[in-house]
Every structure is written in C-alpha cells, then in structure tokens.
Amino acid sequence: MSAPLKIEPATGSGETFVLNLGPQHPAAHGVLRVKMTMDGEYVMRAEPVIGYIHRMHEKMGENRPLAHFLPNTGRVDYLSALHYNHAFVGAVERAAKLEVPPRAEFIRVITSELNRISSHLVWWSAFLLDLGGFTPLLYAFDDREKILDLLEGLTGSRLTYCYFRFGGVVEDLDPGFAERTRKFIAEMRPRLKMYRQLVTDNIILRKRLEHIGPISPDLCLKYGATGPVIRGSGVSYDVRRAEPYSVYSQLDFDVPTFPESDSMARYLVRMEEIVQSLRIVEQALDKLPDGPVLGKVPRVLKLPPGDYCYAVEAARGRHMVRIVSDGKEAAYRLKLRTPSFSNLSLFEEASKGMLLADALALMGSLDLVIPDIDR
Amino acid sequence: MSLLSTEPLRLLASLLLIIAFVGLNAAYLVLAERKGAGRFQNRPGPNEAGYGGWLQPVADVLKLISKQIMVPPESDRLLFRMAPLVVLTPAMMCLAVVPFSDTLVARNVNVGLLMVFSFGSINVMAILLSGWASRNKYAIMSAARVVSQNVAYEIPMLLVVITLLMSTGTLDLSEIIKQQAGGFWHWNFFRLDVNPLAPVTFVIFFICMLAEANRAPFDMAEAESELVAGAFTEYAGMGFGVFFMAEYANIVLGCSLATVLFFGGWQTGLGALPASWGAWKVLIGLGFFLAKMYALVFTVIWVRWTFPRTQFYGLLNLSWKILIPISLFTLLLSSVMIKLFA
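Residues numbered from 1 in each chain as written. Chains lettered and ligands numbered in written order. Predicted model: local features only at pLDDT ≥ 70, side-chain atom pairs only at ≥ 80, totals over all residues.

S.K.: Would you take a moment to explain the overall build of chain A for this structure?
M.R.: What chain A contains, in helices and strands, is 15 helices and eight strands. In terms of C-alpha radius of gyration, chain A reaches 21 Å, essentially the compact-globule figure of 21 Å for 375 residues. Seen through its C-alpha atoms, chain A measures out along the principal axes to roughly 70 × 45 × 30 Å. Residues counted as buried form 50% of the 375 residues belonging to chain A. For chain A, long-range pairs separated by at least 24 residues make up 71% of all intrachain contacts whose partners lie at least 6 apart in sequence. (Helix = DSSP H or I, 4+ residues; strand = E, 2+ residues; numbered from the N terminus. Rg over C-alpha atoms; globule rule 2.2 N^0.38 Å. Buried ≥ 20, exposed ≤ 12 C-beta atoms within 10 Å, placed from the backbone. Contact = placed C-beta atoms within 7 Å.)

Pasting the structure below:
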C-alpha cells in the first residue's frame with residue numbers, strides 16, 4: 001500500500017446509477033437518507049435528504065412557557081444534552097438578566113465537559129464501527145458507562161439530561177461526586193493511552209483516514225461548519241474561546257487544531273479534546289467555590305421584548321439559541337442553530353468523486369447526530 | 001472394517017463424515033467466534049442457551065430454519081436459489097483430499113493440491129451468482145468487489161505455493177506431509193535452507209487465505225457499514241445460513257491447507273512415534289493436526305476482532321504492489337537456493 005490513490009472523478013461515461021443510502025442503513029446512524037449518484041464505486045453526487053425525524057422542537061418552543069421547553073433541549077442532540085440545556089438557559093438568563101451563582105457556573109462546566117467526553121466516546125465507537133472495527137465500541141462504552149453513572153447520580157437521567165435551570169442548576173453536587181470524578185479522570189488517562197495503541201496507531205486505520213476526505217477551511221466557512229470539523233481544517237475556532245461564556249475564561253485549556261484537513265485530523269481533534277476536557281474538569285473541581293447553586297428567579301418568567309442569542313460549544317460545534325420575545329411567557333420565535341446541520345451541508349460538495357467507502361468514512365468523521373439535523 | 005474397505009461404502013462414509021465435519025465446524029466455530037469476540041471485548045458472549053452457551057448454535061440453526069426464505073420478486077429465481085448450493089460444495093470437495101492423519105484421508109489424489117485450488121476458485125462464482133441474481137445494487141457492488149479481490153489474491157497465493165512445490169516436488173498432500181517428518185525443524189515453515197524467507201511466504205499465504213475466505217480485515221463482500229450485507233443482503237433464513245457456513249468451511253479449509261503445507265500436517269514435530277502404537281498413531285496424528293489447525297483458526301478470529309476493515313483499493317494495492325513482488329522474489333530466491341545447494 002503506497003501513497004493514496006489520486007482519485008479522478010470518472011466523468012463522461014454517463015453510466016451512473018442512483019444508490020439510495022438510507023433512511024435505514026447501517027452507516028447512517030439514524031434516519032438520514034443520502035441519495036447517491038454513483039459511477040461504479042465513485043460517488044458523483046451525494047444528496048442528503050433530511051426530515052425523517054423532524055419533531056418541531058422550534059415550534060414547540062413558541063407555544064409553551066420557557067421553562068416547559070427546557071426538557072426539549074436535551075432531546076435535540078441526545079448525545080450532548082447538557083450543552084443544549086446550557087445554550088437555552090444561557091439565552092434566557094441573558095434576556096432576563098438573571099444572576100447565576102459562581103458555584104452553579106462551575107458545576108455547569110464540569111458536567112458539560114463530562115458530557116462532551118461521553119459524546120466523543122460514542123462518536124469514536126460509532127466511527128470505528130463504520131470502519132469495520134467492532135471491539136473499540138465495547139471499550140469506549142465501558143468508559144462512557146462511568147460518565148453516565150456519574151451524571152445519573154447528579155441529574156437523575158442517563159442521556160437526555162435536564163439538569164440546568166434558569167439561574168443555576170437544579171441540585172447541588174452530592175458529597176461523593178468530586179471524589180468519584182477525580183477517580184474517573186485518573187482511570188480515563190491510561191485508557192486513552194490504550195486507545196492510542198490499539199486504534200489510533202493502527203496502520204489500517206491510518207491508511208483509511210489519512211489524506212482522505214479533505215475539507216478546506218474555505219469549505220467550512222462556506223457552509224458554516226464548526227466544532228471538530230473546522231478545527232480539523234486548522235482553524236482555531238472554539239466558542240469557549242471565541243466568545244467565552246460561563247467560566248471558561250477562568251480555565252486553562254488548549255484548542256486542538258490539525259491543519260491536515262483530512263478525516264484523520266478530525267479524528268485526532270476529538271481524541272485530543274477528550275484530554276482537554278479531562279483537564280478542564282480537573283481544574284473546575286479544584287476551583288469550585290462554595291455557595292448556592294440557584295439564583296433568584298421570578299415565579300413567572302417573562303422576557304422583555306427583544307432579540308437574544310447565546311452560543312455554546314457543543315460536542316459537535318457551535319450551538320446557538322436565538323429567542324425573539326414579545327414580552328409574553330412563551331417566546332415569539334425560537335431558533336436553534338445546530339452544528340450537525342451545517343456539518344452535513346458540506347458533505348455533498350466534499351464527497352464529490354470519492355469512493356463509496358471513503359465517502360462514508362468522511363461522513364462518519366463529521367459526527368452527525370440525525371435528530372440534531374432535523375430537530 | 002472389511003465392509004468399509006469396499007469402495008462405494010467407503011466413499012459414502014467419507015462424504016457423510018465431511019458433511020458432518022463441515023456442519024459441526026460451522027456451527028461451533030460461530031460459537032467460538034462469538035465467545036472469542038466476547039473475551040476480546042470484555043463481555044461474556046452467548047451464555048444463556050445451555051451450560052456456558054454450548055446450545056447456542058442449535059438455537060441459531062433452529063431460528064434460521066424456521067424463518068421464511070424470501071426470494072425477491074425481481075431476482076433471477078433459479079440462480080438466486082442455486083447460489084447457496086454452489087457456495088458450500090467446493091469447500092467440501094477440497095476437504096476430501098486433505099489428510100487429517102496418517103491414512104485418514106477421504107480420497108488420496110496425487111494432484112490434491114491442484115484440486116484444492118481449482119475447486120477453491122468456484123467459491124467466487126457462488127458469491128458472484130448471489131450478487132447478480134439478487135438484483136440489488138449493494139449485492140452487485142459486493143459481487144464485483146469479490147471477483148477482483150479473489151483474482152488479486154489468487155496470484156500471490158499460487159506463487160507462494162509454487163515456491164513451496166519446488167522443494168517438495170509433488171502435488172500429493174500426503175506426500176508433502178511425509179516429507180516433513182521428524183523434528184519440527186523439518187516443517188516447511190522452518191526450512192530456511194531451501195527458502196530463507198519461508199516464514200514470509202507463510203505470512204503471505206495466510207493473508208491471501210484471509211482474503212480468499214472474505215474474512216476481516218478483507219471482508220469486502222459484506223462490508224456491513226457500506227454495503228449493508230453485500231451479496232447476501234437479500235438472503236434470509238437458511239439461505240443466509242449456508243453462506244455463513246461456507247465462510248467457516250473456507251476458513252477450516254484454508255487453515256488445514258496452511259497446516260499441511262507449512263506445519264507438517266499431522267506430524268507431531270517430535271520425531272516418529274513408535275511403530276508398536278499401531279492405530280493409536282493415527283489418532284495422535286489427528287489430534288496434532290486439529291490442534292495446529294484450530295490454533296490458526298483462532299488467529300483468524302483474533303485478527304477479525306482486532307483490526308478495522310481495509311479500504312478496497314488498499315486491499316488491491318496490498319496484493320499487486322506488495323504481496324506479488326515479494327512472492328515473486330521468494331520464488332526466485334528459492335529456485336536459486338535449490339539450484340546452488342540442493
């Protein structure tokens with residue numbers, strides 16, 4: 001196996017066929033349908049067809065009091081529910097000028113980063129499954145289980161958390177949480193080393209990902225791709241740094257970027273982000289102040305008329321909530337800017353002329369969560 | 001004993017034994033694979049049906065048999081039904097010439113090795129048939145992949161075998177085993193005097209065997225994350241089950257062949273057994289043969305649960321750009337060695 005094949009899109013033969021990938025397909029991880037025009041094994045055009053799992057979350061946000069919408073946020077991207085919680089409560093807090101106690105902010109950061117690690121672990125295992133490696137899934141889920149146990153004790157749920165409230169978080173950390181989290185961090189680091197030896201350095205994996213599926217920074221900007229996708233193109237854009245929210249400005253962490261722009265770069269960004277998230281959790285636990293975890297919030301929360309938004313760095317990229325209020329109890333218009341939607345949008349252009357297997361590896365490296373696209 | 005030595009009865013008995021051997025191997029290798037995968041993945045594997053899960057294959061087969069066999073309306077019905085029959089036969093035919101122990105061989109043919117390779121190629125035809133007859137885009141893509149993959153890997157495999165044949169000078173599998181009698185350093189794997197790269201040739205043989213049997217990391221035929229289930233997408237029930245059995249039959253065949261060609265077949269590797277042991281020698285030989293073969297089968301399972309799948313052109317590049325040049329070189333080297341020193 002020498003240098004990767006330079007793939008010239010076979011054009012002009014005109015003998016193409018349409019391959020309907022999905023809505024039920026093992027590589028789509030949900031109900032994404034991709035209409036592929038193929039020339040043999042080459043993808044001439046991959047047209048994503050979405051809408052199979054649309055649940056009208058935005059409309060639901062417009063016809064119920066703000067607090068009643070809170071559980072919905074965790075169901076948009078079920079893998080990084082806490083980030084979506086965070087964006088929504090952040091937008092409301094910004095609009096209503098609510099004070100959030102510092103302890104609550106630190107707890108938000110700790111839980112969000114744990115959630116990010118668990119989300120990346122799911123991506124990692126699903127991606128390896130796309131590439132035909134079964135075993136990493138079980139290893140990653142072992143580690144993810146520990147995070148889910150930690151968060152379950154705190155939030156009461158294992159996946160679709162609804163833990164943040166306007167003005168803080170619903171419950172203070174239980175007494176053993178800090179200790180258990182530190183234990184988890186200590187266990188996780190050697191595991192990451194093992195992942196590296198078992199998977200990241202594997203020659204077959206490297207051959208399949210290196211120089212495959214390049215996404216240029218221009219393409220990312222054109223389609224609004226964010227998160228590990230744009231950082232895998234060498235652009236150091238992270239909402240936690242670009243527009244610091246919560247207490248991220250008090251914490252020391254790196255924003256990993258890899259300029260190679262290939263699938264491997266996006267892979268390495270996520271692996272490095274797990275390391276950084278562990279660092280953030282460790283620091284936040286050290287700095288955790290005492291005090292209340294829920295600020296003063298009026299019983300009936302009505303936002304003053306206006307246009308408010310709040311962005312967070314979710315596991316898949318920039319997630320922004322925009323609330324247009326007309327002074328009533330429910331929002332006049334609620335808009336969720338979800339990262340997977342933008343990240344998927346570039347797939348059509350990026351996958352042109354690729355081999356089917358490479359195109360699917362590229363799709364896996366975008367870390368798509370389909371309910372996040374359709375919302 | 002005198003009854004069994006009459007030719008038709010002996011043939012019938014051998015046939016039944018081979019069918020039983022293939023069937024039991026397929027059933028229990030599936031269990032071994034699932035148990036092994038469980039061990040590799042920190043989980044118990046199937047353990048509900050029977051003690052420790054040993055009835056699991058029975059449950060699986062019952063499930064497969066009781067399922068309806070669906071034939072897609074647009075498919076070529078005759079070919080679609082024929083493919084599962086064609087896929088299992090070649091592996092069984094090949095096992096007929098494999099000597100499991102001294103004198104324990106269904107039919108000793110003096111061109112046994114040639115027969116194994118000619119029948120082994122028919123396996124591809126079956127997958128091509130199933131892919132073609134299914135009238136399914138995933139199936140036809142998988143069939144096209146399998147054909148080019150098998151063409152690519154048959155060449156280095158044959159080159160490796162030719163290298164070996166230059167020192168053995170015979171296509172008779174029993175004869176090849178007899179030449180490896182004595183200590184384990186007489187096995188072809190360790191015969192560095194005729195081929196200094198003998199271990200390399202074995203590795204090439206093993207890789208080609210994985211590719212020929214469509215096993216991970218070369219399982220292009222059913223790359224489930226790309227092609228759903230590849231050529232077998234439209235098969236349900238026992239139709240699918242037969243393809244599954246054929247996969248394991250091919251693994252058993254490939255590993256048996258590797259044992260015969262490189263590891264002395266049923267030779268113990270400790271020197272000849274005393275002549276006074278009589279029939280026990282045959283049984284001991286069988287034990288050694290099976291032990292070596294299943295060690296190789298375990299390696300096959302181990303590889304599957306460790307590595308991700310290769311990309312298709314990576315697979316072809318590996319064969320055309322690496323394996324074929326190396327095997328040509330070993331061929332040359334071995335012929336020079338034999339000419340100079342033998």
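S.K.: I'm lost on the nonpolar core in this one. Help?
M.R.: Where a protein is soluble and globular, its nonpolar side chains tend to be buried together. Membership of the largest hydrophobic core comes to 199 residues, with the highest contact counts inside it found for Ala359 of chain A together with Ile127, Met245, Ala249 and Val297 of chain B. With residues near it in sequence (within four places) discarded, methionine 245 of chain B still touches Val22, Ala26 and Leu88 of chain B. (Core = buried A, V, L, I, M, F, W, Y, C linked by C-beta atoms within 7 Å.)

S.K.: Explanation requested: the confidence of the model for chain B in the structure shown.
M.R.: Atom-level detail of predicted coordinates should not be read off regions where pLDDT is low. Considering every residue of chain B, the mean pLDDT works out to 82; 98% of them sit at 70 or more. Overall fold confidence for the complex sits at a pTM of 0.85, while the interface term, ipTM, reaches 0.78. (pLDDT = per-residue confidence, 0-100.)

S.K.: Looking at this structure, I do not really get the confidence of the model for chain A. What am I missing?
M.R.: Looking at chain A, the pLDDT average stands at 87 and 96% of residues meet or exceed 70. This stretch, residues 1–5 of chain A, has a pLDDT under 50; its non-local contacts, to residues over four places away or in other chains, come to 10 contacts.

S.K.: Help me understand the interface of chain B and chain A in this model?
M.R.: The extent of an interface is frequently quoted as the accessible surface area lost upon association of the parts. Opposite the 27 residues of chain B that make contact, chain A presents 29 residues. The set of elements that each furnish at least two residues to the side of chain B that touches chain A consists of helix H6 (137–168), helix H9 (224–227) and helix H12 (312–341) of chain B. Ranked by the residues each element gives to the side of chain B that touches chain A, the list is headed by H12 of chain B, at seven residues. In terms of residue class, the side of chain B that touches chain A is built from 13 nonpolar, eight polar and six charged. (Nonpolar A, V, L, I, M, F, W, Y, C, P; charged D, E, K, R; others polar.)

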